[in-house]
Amino acid sequence: MFISFEGTEGVGKSTLIATLQQALSAQYEVILTREPGGTPLAEKIRAVLLQPDQEKMANATELLLLYAARAQHLEHVILPALAQQKIVLCDRFVDASIAYQHGGRGMDLAQIQLLTEHFVQRLPDLTFWLDAPVELGIQRAQKRGELDRFEQEKRAFFTRVRASYQQLFLQYPQRIVRLDATQNAEQLAKQALTLLREQLAAHR
């Protein structure tokens, strides 16, 4: 089963994924991965994407780099793991490209859909959308230390990203589950684990 985790900055995705991996590992073989990244080459692309730089990155460059990393990630991590009947927990996937590059950057949705159609062979079976007010997420991200290129965006950018996630949630209610990320980490993990175990039982 392929499970992705989505949301704006500072909503607690990494903490939740690590907790779920630990809880499921006694019963299942679980792979924890992330986007952009997941392979040595894709992690190098991630470093380029997240590094604040003097040269402003074009929106098209950002989108194409993300999909280049995704293609590598799919071929070398996600698809092989699923073929071996493993559970894949992935921090961000295609929904992030729609939310950030279409919603946040204002890029043409058709361009993103075209890349997905041609280069993404598998979509998640289940997506957890961790939703919290933008201001709360920004405050949490700032507490982690130095901000990356995306985290340095203005509040209006993240407001558009969150609105795009809301649209995706309404568009794909069978796949996307909204979690209230204002809860503490323990409450969030308990809710997510209950829902995930139900989905895994149904998926057998």
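Structure first, text after, so check above.
A few points on the structure.

Calculation notes
- The written sequence of each chain sets the order in which its residues are numbered from 1.
- In view of the model being predicted, local features appear only for residues whose pLDDT reaches at least 70, and side-chain atom pairs are presented and counted only at 80 or more, with totals across whole chains, interfaces and linings using the full set of residues.
- Side-chain numbers here rest on the full set of heavy atoms in the structure, without hydrogens or water.
- Comment: elements are numbered from the N terminus, with helices defined as DSSP H or I runs of at least four residues and strands as E runs of at least two.
- Here a polar contact means two N or O atoms within 3.5 Å. Within protein one must be a hydrogen donor candidate and the other an acceptor candidate, and residues neighboring in sequence count only if both atoms are side-chain atoms.
- As used in this record, nonpolar core signifies buried Ala, Val, Leu, Ile, Met, Phe, Trp, Tyr and Cys residues forming a set joined through side-chain atoms within 4.5 Å.
- Only protein chains enter the accessibility calculation, which uses a 1.4 Å probe; a residue is then buried when its area is under 20% of its type maximum, exposed when over 50%, and partly exposed in between.
- Any two residues whose heavy atoms approach within 4.5 Å are treated as being in contact.
- Between 30 and 60 degrees the pair is tilted, below 30 it is stacked and above 60 it is edge-to-face, where a pair is any two Phe, Tyr or Trp rings, Trp via its six-membered ring, whose centres lie within 6.5 Å.

1. As for the side chain of Arg 105
Thinking step 1. For Arg 105, the location among the structural elements is in the loop between α4 (94–104) and α5 (109–119).
Thinking step 2. Engagement of the side chain of Arg 105 in a polar contact is seen with the side chain of Glu 62, the distance being 2.9 Å.

2. Side note on the nonpolar core
Thinking step 1. By size, the foremost hydrophobic cluster in this structure holds 28 residues, and its most contacted members are Phe 2, Tyr 67, Ile 78, Val 88, Phe 93, Tyr 100 and Tyr 165.
Thinking step 2. Taken together, the elements giving at least two residues each to this core come down to α3 (59–83), β3 (87–91), α4, α5, α6 (134–143) and α7 (155–171).
Thinking step 3. The biggest single contributor to this core is α3, with 6 residues.
Thinking step 4. Beyond its immediate sequence surroundings of up to four residues, Phe 2 is in contact with Ile 78, Leu 82, Val 88, Cys 90, Phe 93, Arg 122, Leu 123, Pro 124, Asp 125 and Leu 126.
Thinking step 5. By size, the runner-up hydrophobic cluster in this structure holds 23 residues, among which are Ile 17, Val 30, Phe 128 and Ala 181.

3. Some details on the environment of Ser 4
Thinking step 1. Here Ser 4 lies in strand β1 (residues 2–6).
Thinking step 2. Since its relative accessible area comes to 0%, Ser 4 is described here as buried.
Thinking step 3. Setting aside anything within four residues of it in sequence, one finds Ser 4 in contact with Cys 90, Phe 93, Pro 124, Leu 126, Thr 127 and Phe 128.

4. What about the packing of aromatic side chains?
Thinking step 1. Scanning the model with the defined rule gives 6 aromatic pairs in all.
Thinking step 2. When the ring of Phe 5 is compared with that of Phe 128, the centres are 5.6 Å apart and the planes differ by 35 degrees; the resulting orientation is tilted. With Phe 5 in strand β1 and Phe 128 in strand β4 (residues 126–131), this residue pair connects regions lying 123 residues apart in the sequence.
Thinking step 3. Owing to a relative accessible area of 0%, Phe 5 belongs among the buried residues under this scheme.
Thinking step 4. Of the residues examined, Phe 128 reaches a relative accessible area of 0% and is grouped as buried.
Thinking step 5. Measuring from centroid to centroid gives 5.3 Å for Phe 157 and Phe 158, while their planes differ by 80 degrees, and the two rings are edge-to-face.

5. A word on unusual backbone geometry
Thinking step 1. Geometrically, the link from Glu 35 to Pro 36 is a cis peptide bond, its omega value of -15 degrees lying close to zero.
Thinking step 2. In this structure, Gln 85 is a non-glycine residue whose phi angle is positive, near 65 degrees.
Thinking step 3. When you line up the elements, Gln 85 lands in the loop between α3 and β3.
Thinking step 4. By relative accessible area, which is 68% here, Gln 85 ends up exposed.
Thinking step 5. We note that Arg 92 has phi near 80 degrees; this positive angle belongs to a residue other than glycine.
Thinking step 6. On the secondary structure map, Arg 92 appears in the loop between β3 and α4.

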